[in-house]
Amino acid sequence: MKPPQKPRPGGAPAWSRAAFLLAAHRLDQLPPDQGAEVAFAGRSNAGKSSAINALTGQAGLARISKTPGRTQQLVVFTLDPQRRLVDLPGYGYAEVPEALRAHWGGTLARYFLERASLRGLLIAMDIRHPLRDYDRIMLDLAGSRRLPVHVLLTKADKLGRGQGAQALATVRRALAERDGDVSVQLLSSTTGDGVPAARGVVAGWLAKRQDEVPDAPG
Ligand SMILES: Nc1nc2c(ncn2[C@@H]2O[C@H](COP(=O)(O)OP(=O)(O)O)[C@@H](O)[C@H]2O)c(=O)[nH]1
Ligand SMILES: [Mg+2]
């Protein structure tokens, strides 16, 4: 009989085995800060949950909500015992009470500063409304410790090919003016266009060791 396979930190993530682990309201509820994790951010309704579902090939994994601004928690999914995806709260909507917004601002800032296993940040932006205030705050948080960022211009199917390419070029130019490791691509969770490219970026980050990440804490 073959021994059970050990997880290979450098191997491709087993996307289809992604599973919900927990939802944390506070940082001390997160799993131990070991291995590697990649965070997903995005304004409410940007298409973040759909992107997570598309990447993992699991339609029901991250709840797709038509009611924006409801998930004020960090939702953790495991790919294997050493690698995780973290769905960050898509706050920023007027309906989120001020006290909650303040709490989440502080919690998120601390998550970025302190989380040693964090390897990169994906930011989902609706291709028709990119680079809003929330997106810039997330870019700054990642930049504060030189964490690589990959922008997903979501719902690319809502625009024609020419318009999509134009939006991509515009956002790429804007991002090039910022310091740091920031890339961008088109994504349609509906058609699957861009899913392999996005998986490639996440897999590359998850294969990194902590000492390969500039300014990682700890
Ligand atoms: N046409 C289209 N609609 C999308 C796409 N991704 C998400 N949506 C829709 O946009 C809305 C918000 O998506 P969701 O993933 O819940 O956004 P979240 O709030 O950022 O997690 C839902 O109605 C989705 O069906 C896409 O690639 N194409
Ligand atoms: Mg969501």
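Structural data are supplied above this passage.
Read on for an overview of the structure. These numbers were taken from a predicted model, which means no experiment stands behind them.

Looking at the environment of P148
Mapped onto the elements of the fold, P148 is located in the loop between α3 (133-143) and β6 (149-154). Along the backbone, P148 and R119 are 29 residues apart, and their C-alpha atoms lie at a distance of 7.4 Å. Setting aside its immediate chain neighbours within four residues, P148 contacts G120, D181 and W205.

Section: the environment of I52
Turning to its location among the elements, I52 is positioned in helix α1 (residues 48-56). Once the C-alpha coordinates of I52 and V195 are considered, the two residues, 143 residues apart in sequence, prove to be 9.9 Å apart. Not counting chain neighbours up to four residues away, the residues in contact with I52 comprise F40, L61, A62, L85 and D87.

Description of α3
Buried within α3 we find D135, M138, L139, L141 and A142. Buried residues of α3, viewed axially, fall in a sector of 160°; they line one side. Exposed and oriented more than 90 degrees from the buried face of α3 are D133 and D140.

Focus: the site of ligand 1
The full set close to ligand 1 counts 21 residues, and G47, K48, S49, S50 and T190 are the nearest of them. Here the shell around ligand 1 gets three residues from one element, more than from any other, and that element is α1. Classifying every residue of the shell around ligand 1 gives four nonpolar, 12 polar and five charged.

Quick notes on the rules
- Residues numbered from 1 in each chain as written.
- Chains lettered and ligands numbered in written order.
- Predicted model: local features only at pLDDT ≥ 70, side-chain atom pairs only at ≥ 80, totals over all residues.
- Helix = DSSP H or I, 4+ residues; strand = E, 2+ residues; numbered from the N terminus.
- Contact = placed C-beta atoms within 7 Å.
- Buried ≥ 20, exposed ≤ 12 C-beta atoms within 10 Å, placed from the backbone.
- Arc of directions from axis to C-beta.
- Near = placed C-beta within 6 Å.
- Nonpolar A, V, L, I, M, F, W, Y, C, P; charged D, E, K, R; others polar.

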